[in-house]
Amino acid sequence: MGLFHKLFGKKEQKIQTAKPIYKSIHEEEWDFYFSNVDDVIGSFYVDLGLMKIAPINDKPNFVWVSLKMNNPREDGLSSNNEFDKLAEIEDRLHEFISSKHNSTYAGRLTSNNHRDFYFYFGDTTLYDKTISEAMVAFPSYTYDFGIKEDLKWSSYTDFIYPNPRQFQSIQNRKVVDNLEKNGDPLTKARSVDHWIYFKTDSDRGEFLKKIESLKFDIVSDNEKTSFGDFPYELHISRIDNVDLNSVDEYVLDLWRFANECNGDYDGWETSVEKD
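Analysis parameters
Residues numbered from 1 in each chain as written. Predicted model: local features only at pLDDT ≥ 70, side-chain atom pairs only at ≥ 80, totals over all residues. Heavy atoms only, no water. Helix = DSSP H or I, 4+ residues; strand = E, 2+ residues; numbered from the N terminus. Buried < 20%, exposed > 50% of the residue type's maximum accessible area, 1.4 Å probe, protein only. Contact = heavy atoms within 4.5 Å. Areas by Shrake-Rupley, 256 points an atom, 1.4 Å probe, with all protein chains shown as cover. Lys, Arg positive; Asp, Glu negative; His and termini not counted. Charge placed at Lys NZ, Arg CZ, Asp CG, Glu CD. Expected span 1.5 Å × (residues − 1). Phe/Tyr/Trp six-rings, centres within 6.5 Å; stacked < 30°, edge-to-face > 60°. Lys NZ or Arg CZ within 6 Å of the ring centre and 35° of its normal. Polar contact = N/O pair within 3.5 Å; in protein donor to acceptor, adjacent residues only side chain to side chain. Salt bridge = Lys/Arg side-chain N within 4 Å of Asp/Glu carboxyl O. Pairing = 2+ DSSP bridges. Axes fitted to C-alpha atoms, helices over the stretch in contact; angles between N-to-C directions.

A few words on the overall build of the chain. Check the secondary structure of the chain and you find 6 helices and 11 strands. Considered along the principal axes of its C-alpha atoms, the chain spans approximately 60 × 40 × 35 Å. Split into buried and exposed, the 275 residues of the chain put 48% on the buried side. Long-range contacts, defined as pairs at least 24 residues apart, comprise 72% of the intrachain contacts of the chain with a sequence gap of at least 6. Surface accessibility of the chain: about 14500 Å² in total, with carbon and sulfur atoms responsible for 48%. Once the 33 positive and 49 negative side-chain charges of the chain are each reduced to a mean point, those two points are 2 Å apart.

Here we take up helix 6 (residues 244-260). When the terminal C-alpha atoms of helix 6 are compared, their 24 Å separation across 17 residues agrees well with the 24 Å that a helix rising 1.5 Å per residue should span. Along helix 6, the residues that are buried comprise Ser-246, Val-247, Asp-248, Tyr-250, Val-251, Leu-252, Leu-254, Trp-255, Phe-257 and Ala-258. Looking at the buried positions of helix 6, the neighbouring elements they touch are helix 4 (164-181), strand 8 (190-198), helix 5 (201-210), strand 10 (232-240) and strand 11 (263-272). Downstream of helix 6 by one or two residues, Asn-262 has phi in the positive range, about 60°.

So, on to the environment of Glu-27. Along the chain, Glu-27 falls in the loop between strand 1 (3-8) and strand 2 (30-37). The sequence separation of Glu-27 and Asn-178 amounts to 151 residues, and the corresponding C-alpha distance is 21 Å.

Right, let's talk about the packing of aromatic side chains for a bit. Summed over all chains, the structure comprises 19 aromatic pairs. Taking 5.5 Å as the distance between ring centres and 20° as the angle between the ring planes, the aromatic pair formed by Phe-62 and Tyr-118 counts as stacked. Taken together, the residues Phe-62 in strand 4 (residues 61-68) and Tyr-118 in strand 6 (residues 114-121) connect sequence positions 56 residues apart. Overall, the relative accessible area of 5% leaves Tyr-118 in the buried class. With a centroid separation of 6.3 Å and 20° between ring planes, the pair formed by Tyr-161 and Phe-167 is classed as stacked. Judged by its relative accessible area of 16%, Tyr-161 falls in the buried class. Ring-pair connections join several aromatic residues into one group, and the members of that group are Tyr-33, Phe-44, Phe-62, Trp-64, Tyr-118, Tyr-120, Trp-153, Tyr-156, Phe-159, Tyr-161 and Phe-167. Over the face of the ring belonging to Phe-32 we find Arg-173, whose NZ or CZ atom lies 3.8 Å from the ring centre.

Next up on the list: helix 4. Taking 1.5 Å of rise per residue, the 18 residues of helix 4 would be expected to cover 26 Å, and the 26 Å separating its terminal C-alpha atoms lies within 8% of that figure. Buried residues of helix 4: Gln-166, Gln-168, Ile-170, Gln-171, Asn-172, Arg-173, Lys-174, Val-175, Val-176, Asn-178 and Leu-179, and no others. Measuring from the side-chain oxygen of the N-cap residue of helix 4 to the backbone nitrogen of Arg-165 gives 3.1 Å; that N-cap residue is Asn-163. Positioned one or two residues after helix 4, Gly-183 has a phi angle of 90°, which is positive.

Moving on to the pattern of salt bridges. Applying the stated rule across the entire model yields 15 salt bridges. Two residues, Glu-88 and Lys-85, come together in a salt bridge whose shortest N-O distance is 3.3 Å. Here Glu-88 pairs with Lys-85, and both are found in helix 1 (residues 83-100), just 3 residues apart, close to one helical turn. Classification of Glu-88 as partly exposed rests on a relative accessible area of 41%.

This paragraph deals with the sheet that holds strand 7 (residues 143-149). Strands sit in the order 2-3-5-6-4-7 across an open sheet of 6 strands; the sheet is antiparallel. The two strands at the open ends of the sheet, each matched to only one other strand, are strand 2 and strand 7. Strand-to-strand twist of the sheet, defined as the mean angle between neighbouring strand axes without regard to direction, takes the value 20°. When strand 4 meets strand 6, the two strands line up antiparallel, connected through 8 bridges. In the strand pairing of strand 6, Ser-66 is matched with Asp-116.

Here's what the structure looks like:
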């Protein structure tokens, strides 16, 4: 039998993620997601926490370092064989740059046989020298770098940071990861609950029409005046699989339908099932 404590994917839950060893003035929240970049698969690793404070006015310069990987996978992403060396390069770049410039590390992109590191600088004096000094320890790697003014941090908000659909997928993965950490093999279908909030009762009704063929059970449809602009709550449930592919399929459908109906998909929860 399964354990009946719950794991949540709702927005208000704060799930701990691995943090880098270096310090920052803001609360770092590092996570990754996959995306197509110029029609090629890419993997972003990004400090989501920067969105709460961006743009930082005294760091208006966007700097990138583009490293050509020596042993990438066939799909252009990084291989396990090169993991340690790439981590060493990343740590050294960050150490050198942070010690000599007023900088913030925003994230990286791995795609098309390259790994690109992204920073926001205040002082850019001799920044090229700093990068060269860091990379001199890795003579077998070729690299390039560049700089541009980015007062609004649009490179971070519009390119590095996930779009809303990708962000929801990140939240899905966090919950699935927590299921596995609690001993769930993800092999058993079980009841999965979802919460969606709407501005009007008619928006909620339109959403229910869109999902009618999906056979969700309505658990409750309350009105909560304390919920601000989205007082019309909808709690639905269905027996589903909880592997990430399955979760992404039905959750992202619900997320899309909610957006089409001026709604706010607030997350999902389920039980841990060990047997």
